[in-house]
Amino acid sequence: MKLATYKDGSRDGQLVVVSRDLSTAHYATGIASKLQQVLDDWNFLAPQLEDLYTTLNQGKARHAFAFDPERCMAPLPRAYQWADGSAYLNHVELVRAARASEVPSSFYTDPLMYQGGSDDFLGPCDPVVCANEAFGIDFEAEIAVITGDVPMQTNADEAIESVRLIMLANDVSLRNLIPNELAKGFGFFQSKPATAFSPVAVTPDELGDAWQGGRVHLTLQSTWNGRKVGMCEAGPEMTFHFGQLIAHICKTRNVRAGSIVGSGTVSNKSEEVKGKKTWPKGYSCIAEKRAIETILDGQPSTEFMKFGDTIRIEMKGKDGESLFGAIEQEIVPLAS
């Protein structure tokens, strides 16, 4: 099934069930008003929502209405936890290579992860507000999952079963703030503003055989200022699957229902064409494009995002139809 949260003036919005083709929706009020309620009582409430989803897809829901992504908050407007991994090691390798730094061997066995702010997510069409262009504004196209409860020390294979919903993310980064923060040895903070998520979150069964082994085997599309810059394959090159990422979190603590776990920037390896490296799948963040330019030309030439820039992030199924709806955002200055 597909779920979204409509804006209603409150912090947590109103839960709606969305049809498979994203054309219609229906308030879930008679079952649950908020997504967190469903996550807290999944075994009881999810089947009821599934019944409504089936009725909606059959065109028999009496109070259905046209689905409007612009009315959406993040599917889970605020969460108990937002933990973002760096599951695509090619991205790490590129960034490190651009500054002539080796990737530590531990990175290939122990996932990188940071804990971001989860109290103020953005809806899919909300603007990215930034106080200063000089901060180095960058998009990051990712996949994210929402979990149920996961006990401490759950292994990776069992952790996959805790995935309740899957969605897309734009994990915005302020690149020029990152070096000074990392130099303090305490990780990201100011360099990671509010994250945006796709209009809908979907249950794994909606992906069919594209959901395998804790990975989404589909193409993630990134379109910057109307130009498609990324067509990255999300499945094969994901070094750590979502089960491993969740298991990493619960090594020393319980993970509670409503936790969101991100994949990190989706990234694909280069190919050799006539003896030269090329990246035919493009990129899912500007930092990676700049790293590629540095490797090839000795310095980056692509600038970070400016006020007025737009970013669109979307994933389509094998039938060519949008699965999660699109994240469509504009970069805007903070109002004075």
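Everything quoted here is computed from the prediction, not taken from an experiment. (Residues numbered from 1 in each chain as written. Predicted model: local features only at pLDDT ≥ 70, side-chain atom pairs only at ≥ 80, totals over all residues. Heavy atoms only, no water.)

Visitor: Please set out the sheet that holds strand S16 (residues 219-224) residue by residue, giving values where relevant.
Guide: Pairing is mixed in the open sheet, where five strands are placed in the order S7-S22-S21-S16-S17. A single partner strand is all that each edge strand has here, and the edge strands are strand S7 (128-130) and strand S17 (227-233). Neighbour-to-neighbour, the strand axes of this sheet turn through a mean angle of 20°, independent of strand direction. Bridge count for S16 against S17 is six bridges, and the pairing is antiparallel. Looking across to S17, one finds that Leu220 is bridged to Cys232. (Pairing = 2+ DSSP bridges. Helix = DSSP H or I, 4+ residues; strand = E, 2+ residues; numbered from the N terminus. Axes fitted to C-alpha atoms, helices over the stretch in contact; angles between N-to-C directions.)

Visitor: How would you sum up the environment of Tyr80? Please name residues and give values.
Guide: Summarising the element assignment, Tyr80 is placed in the loop between strand S4 (65-66) and strand S5 (81-85). Each C-alpha atom of the pair Tyr80 and Ala287 lies 29 Å from the other, and the pair is 207 residues apart in sequence. Residues contacting Tyr80, with those up to four places away along its chain left out, are Gln36, Ser118, Ala257 and Gly258. (Contact = heavy atoms within 4.5 Å.)

Visitor: Run through the packing of aromatic side chains, naming residues and quoting values.
Guide: Considering all chains together, one arrives at ten aromatic pairs under this definition. Ring centres of Tyr6 and Tyr27 lie 6.2 Å apart, and the angle between their planes is 90°; this geometry places the pair in the edge-to-face category. Note that Tyr6 is positioned in strand S1 (residues 2-6) and Tyr27 in strand S3 (residues 24-27), a separation of 21 residues in sequence. Among the residues examined, Tyr6 registers a relative accessible area of 0% and is labelled buried. On the numbers, 6.1 Å between centres and 20° between planes, the contact of Tyr6 with Phe67 is stacked. Here Tyr6 is found in strand S1, whereas its partner Phe67 is found in the loop between S4 and S5, with 61 residues between them in sequence. Each member of the pair, Tyr6 as well as Phe67, is classed as buried. (Phe/Tyr/Trp six-rings, centres within 6.5 Å; stacked < 30°, edge-to-face > 60°. Buried < 20%, exposed > 50% of the residue type's maximum accessible area, 1.4 Å probe, protein only.)

Visitor: Just give me the short version of the nonpolar core, but keep the residues and values in it.
Guide: Counting 65 residues, the largest nonpolar core has Phe67, Ile143, Ile166, Leu207, Met315 and Phe324 as its most contacted members. A per-element tally of this core places helix H6 (residues 242-249) first, with four residues. Residues within four places of Leu207 in sequence aside, it is in contact with Ile166, Val202, Val216, Leu323 and Phe324. (Core = buried A, V, L, I, M, F, W, Y, C linked by side-chain atoms within 4.5 Å.)

Visitor: With reference to specific residues and values, describe the packing of helix H3 (residues 89-98) against helix H7 (residues 286-297).
Guide: Where H3 meets H7, the closest approach of the two axes is 8 Å, and the angle between their N-to-C directions is 45°. In terms of orientation, H3 lies oblique with respect to H7. Taken as a pair, H3 and H7 cross one another with a handedness that is left-handed. Where H3 abuts H7, its residues Asn90, His91, Leu94, Val95, Ala97 and Ala98 lie against Glu288, Ala291, Ile292, Thr294 and Ile295. A class-by-class count of the residues in the contact of H3 with H7 yields seven nonpolar, three polar and one charged. (Parallel < 35°, antiparallel > 145°, perpendicular 65-115°, else oblique. Left-handed = near helix turned anticlockwise from the far one by under 90°. Nonpolar A, V, L, I, M, F, W, Y, C, P; charged D, E, K, R; others polar.)

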